[in-house]
Amino acid sequence: MDIMDGGISLRESNKIFFATIIIMGLVVILTTAGSISFLYHTAVDEQKERLIEVVKNQAKYIHIFHEANSVHGSDMDLETHRSHGNELQTFFNHLNESSSADQKQSKRLVLNFYVAEKLGDHVRYYTGTPQMTAHPVPYPTLRGKPMGLALNGKTDVLETTDHLGNKIICSFTFVQSVGVGIVAKIFLKDIRRPFIKTAIITYTGALLLLLLSSFFIKLTVSPLAARLEKQRHELKKINKNLHKLATTDSLTALYNRQHFNQQLNNTIHISKRHNQKISLILFDIDNFKKINDDLGHPSGDAVLKELSVLIKGSLRKIDVLARWGGEEFIILTIGNNERDVHFLAQKLCEIIAQHHFTINQQVTCSFGCTMYCNGEDIDDFIGRADDALYEAKNRGRNQVVSK
């Protein structure tokens, strides 16, 4: 098992880092949005209560209208009442001045008062914006709107839209004695404005804080992650070398005997499931001891390495070649019948005999071949190949025997 199977790479740590930042950002956004939404709805409810108080206080305005009506007569319109009553004129001037002062200080909440009178099919505004007070407004355009409801004799507090399409919270009432409608309203945009500003400031601050903390974390974590990544690659390389040392022969770079036995066991289990034929070719170098004695062990090692390269280049990728021990080698083949295995061994025998080795003398090998019999013990399987090899040697070497 790889030492670093449970490790986290630099790329994976970056993914985790950015995922954490995104989750933190979403948490900040949702938390702030929820808090601002709660505060906004609380403010709306507070302004509704404020308007209810305004409705109660409108009694003094109504009283002023009643006094004007009793003094000047009920047949006068509101404009005539204003021209004859200093108190009524002062009242309107006060409303207009308060409205103008509030409009100039647009950063705070503005409570707008509107007073209007129905004159036939039109309605005249006496307070409000210059556009509203300049010309009469057709009454049909006010139907269903606060002023239209007030002039229709109704009193209420509600959240709706005015005749210009603005969303508002308003209270409205009707002064029957002089036929005047009074509307006090707050634009919802005026309530929203400070919350929008707060949201922008909060989100901007949270984003900057998140980016700064992310940058700090990145500066702190990145060097550590880089070192861990470097160590991971080094350990992976060491692990690979250890695996190579554990499974290969140091001289020939072929699989060693232990790893070959593992491969053979695995192949036998697979062959049983898929009904595949498997076979062994065991061979060794003829008179190898004489090569070592006459030319020295370095020359013998050179023959072993040269032979390994030669045989490996003549086999299929699915064939398994290993150094069995000393001058002995073994081949595991899959899917070949007995005739094909014998033909392969004969071909290898001829290739070796015809090859010009660097020791400047002929090198030959003897081969023993056998097929696996279902259910037999692995030792019996290998022992039969070994018996065939010794028979080839007894027959004069440099030949192939199958059993």
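Look above for the structure.
Model, not experiment: these values are computed from the prediction. (Residues numbered from 1 in each chain as written. Predicted model: local features only at pLDDT ≥ 70, side-chain atom pairs only at ≥ 80, totals over all residues. Heavy atoms only, no water.)

Caption draft 1: Highlighting the packing of helix α7 (residues 257–274) against helix α11 (residues 378–394). Where α7 meets α11, the closest approach of the two axes is 12 Å, and the angle between their N-to-C directions is 110°. The angle between the axes of α7 and α11 places the two elements in the roughly perpendicular class. In this structure, α7 crosses over α11, and the sense of that crossing is right-handed. Residues N261, L264, N265 and I268 of α7 pack against I378, F381 and I382 of α11. Tallied by class, the residues present in the contact of α7 with α11 amount to five nonpolar, two polar and no charged. (Axes fitted to C-alpha atoms, helices over the stretch in contact; angles between N-to-C directions. Helix = DSSP H or I, 4+ residues; strand = E, 2+ residues; numbered from the N terminus. Parallel < 35°, antiparallel > 145°, perpendicular 65-115°, else oblique. Left-handed = near helix turned anticlockwise from the far one by under 90°. Contact = heavy atoms within 4.5 Å. Nonpolar A, V, L, I, M, F, W, Y, C, P; charged D, E, K, R; others polar.)

Caption draft 2: Broad picture of the environment of R124. Among the structural elements, R124 can be located in strand β2 (residues 122–125). Looking at R124, the relative accessible area reads 33%, which means it is partly exposed. Residues R124 and H135, spaced 11 residues apart in sequence, show a C-alpha to C-alpha distance of 7.0 Å. (Buried < 20%, exposed > 50% of the residue type's maximum accessible area, 1.4 Å probe, protein only.)

Caption draft 3: A look at the nonpolar core. I281, F283, I285, L307, I311 and F367 are the most contacted members of the largest nonpolar core, which totals 29 residues. Considering every element that reaches this core, the biggest residue donor is helix α10 (residues 338–354), with six residues. I268, I278, L282 and I334 belong to the second largest nonpolar core, which has 17 residues in total. (Core = buried A, V, L, I, M, F, W, Y, C linked by side-chain atoms within 4.5 Å.)

Caption draft 4: Spotlight on the pattern of salt bridges. This structure, assessed with the given rule, holds nine salt bridges. Note that R316 and D319 form a salt bridge whose closest N and O atoms lie 2.8 Å from each other. You can call R316 partly exposed: its relative accessible area is 36%. A salt bridge links K403 to E391; the nearest nitrogen and oxygen atoms lie 3.3 Å apart. Placement of the pair is K403 in the segment after β11 (400–402) and E391 in helix α11, with a sequence separation of 12 residues. Looking at K403, the relative accessible area reads 41%, which means it is partly exposed. A cluster of three or more residues bridged by salt bridges with shared partners is formed by D284, D286 and K393. (Salt bridge = Lys/Arg side-chain N within 4 Å of Asp/Glu carboxyl O.)

Caption draft 5: The arrangement of the packing of aromatic side chains in detail. This model, assessed by the stated rule, comprises five aromatic pairs. Here Y114 and Y125 contribute two aromatic rings whose centre-to-centre distance is 6.4 Å and whose plane-to-plane angle is 90°, an arrangement assigned as edge-to-face. Note that Y114 is positioned in strand β1 (residues 111–119) and Y125 in strand β2, a separation of 11 residues in sequence. Judged on exposure class, the residue Y114 and its partner Y125 are both buried. A network of ring pairs unites the aromatic residues F283, F329 and F367 as a single cluster. Just above the ring of Y139 sits the side chain of K118; from NZ or CZ to the centre is 3.9 Å. Residue placement shows R257 over the ring face of W324; its charged tip is 3.9 Å from the ring centre. (Phe/Tyr/Trp six-rings, centres within 6.5 Å; stacked < 30°, edge-to-face > 60°. Lys NZ or Arg CZ within 6 Å of the ring centre and 35° of its normal.)

Spatial relationships are all this shows, so hold off on functional conclusions.
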